[in-house]
Amino acid sequence: YISPVNLNRERGQIEEPFKPVIRYATPVFDGSGEFGGMVVLNVLAESFLSLAQTDASGEEVYLVDSEGTYLAAPDSSLLFAPDLGTGTTYMSRNPQDAEQIMTASNPDVLFGSADNPNTFTSYTRVSPPDAEGVIQWTLIHQQPLANVLGQVAQQALTSIIIAVVALAIALVFALYISNTITRPIGNLANVADRIAAGNLNADLPQTSNNDEIGQLANAFQNMVQQLRQSYGTLEERVENRTGDLVASMEIGRLATNIYSSEELMPRLTEFIRQRFDLYYTQIYMLDDAQRYAILRAGTGDVGRELLQNEHRLDMSETSIVAQAVRSGNPVLVSDTRVSDIHKENPLLPDTRSEIAIPLIVGGEMLGVLDMQAVEPQKFNQENMTVFQAMANQIAASLRGARAFDEAQAATERAERINQRLTANTWEDYLGSLNQGQRLGYIYDLEAPKPLDEPLKPRNGNAANGHSNGHSNGHSKSQGADETIADRQAIQMPDEGKDNLRKYFSQPIALRGQQIGSLVVGEDDEREWTDEEIRLVQAVAERVADATEQFRAFDQVQKAQAERERLFSTSIDLLGS
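Residues numbered from 1 in each chain as written. Predicted model: local features only at pLDDT ≥ 70, side-chain atom pairs only at ≥ 80, totals over all residues. Heavy atoms only, no water.

Caption draft 1: Region of the structure containing the overall build of the protein. When helices and strands are tallied, the protein shows 12 helices and 22 strands. Counting only contacts in the protein whose residues sit at least 6 apart along the sequence, the fraction spanning at least 24 positions is 51%. Carbon and sulfur atoms provide 51% of the accessible area of the protein, an area that totals close to 33,000 Å². (Helix = DSSP H or I, 4+ residues; strand = E, 2+ residues; numbered from the N terminus. Contact = heavy atoms within 4.5 Å. Areas by Shrake-Rupley, 256 points an atom, 1.4 Å probe, with all protein chains shown as cover.)

Pasting the structure below:
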């Protein structure tokens, strides 16, 4: 493709001073014949447009395109009317001559000008090489009638000169195009074909030109160099990024499997240090006022020493952690030796690069993840996004762990209160029933009977009740503050084989507080199966529920009787 000649534009604006250009475009194909792109060149047209002029007095030479636009003229205000918006064309200035010239099929004609009666006009058609029939220009020569009439003998010579000049212009233009455009572009196309075939080591064409061709060649060379560098490091970079992403996913899985923050933070810091081959990793948590960042986890002996010393950072001082908290963005120090915000720690003398990433979730700043390495440039803009994603996972897990810790603490407080209330209630109730004596029953597969004295197995240890079947009872000697964790089914020791027992005791627990024991025994030593133990545990749970219902009913009855007695006493007092 060869474009018409017009004024060069940069960013949509006509460049000043004006630069007439002609554009050449050629497609580029790879070794398999697939279309790879398009090379478009802007060629300065001044080198051949300047040839369309004459020094003869009174004579004028014009070069116009098929639309009548002046490409070359003695008066520069006539040039490039479509680009400049002047509306001046050869047709508008010479309508009659233009009709004859533009529609004539026989070029190289001399005629008297109808628009300029005292002028003879001659013209010829010219075209760029390989553009005949596509781009057609007309070279017009005007001279005074007096010169023609006074030099009739030289008329033929003038026509020859015009033809020679036109031919010379075309020849010079063809040579110019061949030397400055076609050959360099051909060389670039050959190299592009070899590179497209996979040969990145192909020799690049050299050029010393500073024109568009030279710029194209330099850009092509830079592109090839970048391709070579990118191809050489691509596999390594892909492997590194893939490893970082896998590590981030592993940290996410680790974080979601641990619920306690006290266990989570040390595990995370050590995993990050090992996984990314770091010098030191630590997590700071902010206090409620965000005045201090308090160290909660650190790796190695340094971390343990700092935790023992209750290490913390003042957020009003200069440090990487403080800046990360204030800005809410990661702070990267590629080389600590040239950094003015890195705060040296004598326990970590080999730190050469550091990154601090805020732990933010739901707009709340929880703390900072700080990582240090012994190599400069260990942390960079490329892997910062991976560490940022990892920090986001850690922040979400820390908030979940904190909520879990708070819920656990609240549950434990409620359980302790509930156990204390249950123990006090049953202690008062049982005290009112047995006046400080032991309360229990024994069942011998015939009928339940009150338990008069504690059960004494053969080894002398007292139990709460005994029979050939099941029994239950209460014993203050068990301890009112015993926790549910201690209340497991216990096979009571007897003489004989280690795994053979006549008795085992199952605690009777209500709302986490033991209120009695269920002791089961046999006449002979035997091994109690898991199924039998689970059955006794289920019976103990039913006994606990039933006794609690009975206690509540009994106390309601007693309260009702007390109210009736008080009412009766009040009536008697009023009657007297």
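After that view of the structure, there is still more to cover.
Caption draft 2: Spotlight on the side chain of Thr269. Summarising the element assignment, Thr269 is placed in helix H8 (residues 261-275). Judged by its relative accessible area of 1%, Thr269 falls in the buried class. If we ignore the near neighbours within four places in the chain, the residues touching Thr269 are Thr281, Gln282, Ile283, Ala297, Gly298 and Thr299. (Buried < 20%, exposed > 50% of the residue type's maximum accessible area, 1.4 Å probe, protein only.)

Caption draft 3: Structural context of the packing of aromatic side chains. Counting across every chain of the model gives 5 aromatic pairs. An angle of 55° between the planes, with centres 5.5 Å apart, marks the rings of Tyr62 and Tyr70 as tilted. In this pair, the class of Tyr62 matches that of Tyr70, namely buried. Grouped by ring-pair contacts, the aromatic residues Tyr62, Tyr70 and Tyr90 constitute a single cluster. (Phe/Tyr/Trp six-rings, centres within 6.5 Å; stacked < 30°, edge-to-face > 60°.)

Caption draft 4: Region of interest: the sheet that holds strand E5 (residues 35-44). One open sheet accounts for 3 strands, arranged E1-E4-E5; its pairing is antiparallel. Two strands close off the open sheet at either side, each with one partner strand: strand E1 (6-7) and E5. Relative to E5, strand E4 (residues 20-29) runs antiparallel, the two sharing 9 bridges. Within E5, the residue paired with Arg23 across the bridge is Asn42. (Pairing = 2+ DSSP bridges.)

Caption draft 5: Region of the structure containing the sheet that holds strand E15 (residues 353-361). Pairing within the open sheet is antiparallel, and its 6 strands lie in the order E13-E12-E11-E16-E15-E14. The outermost strands of the open sheet, each flanked by one partner alone, are strand E13 (312-314) and strand E14 (331-333). Taking the axes of each pair of neighbouring strands and ignoring which way they run, one obtains an average angle of 25° across the sheet. Packing against the sheet, H8 makes contact with strand E11 (280-286), strand E12 (292-298) and strand E16 (364-373), and its axis sits at approximately 145° to E11. (Axes fitted to C-alpha atoms, helices over the stretch in contact; angles between N-to-C directions.)

Caption draft 6: Structural detail: helix H4 (residues 95-103). Residues of H4 that are buried: Asp97, Ala98 and Ile101. Seen from one end, H4 has its buried residues packed into an arc of 100°, which puts them on one side. Across H4 from its buried face, at more than 90 degrees, point the exposed residues Gln96, Glu99 and Thr103. (Arc of directions from axis to C-beta.)

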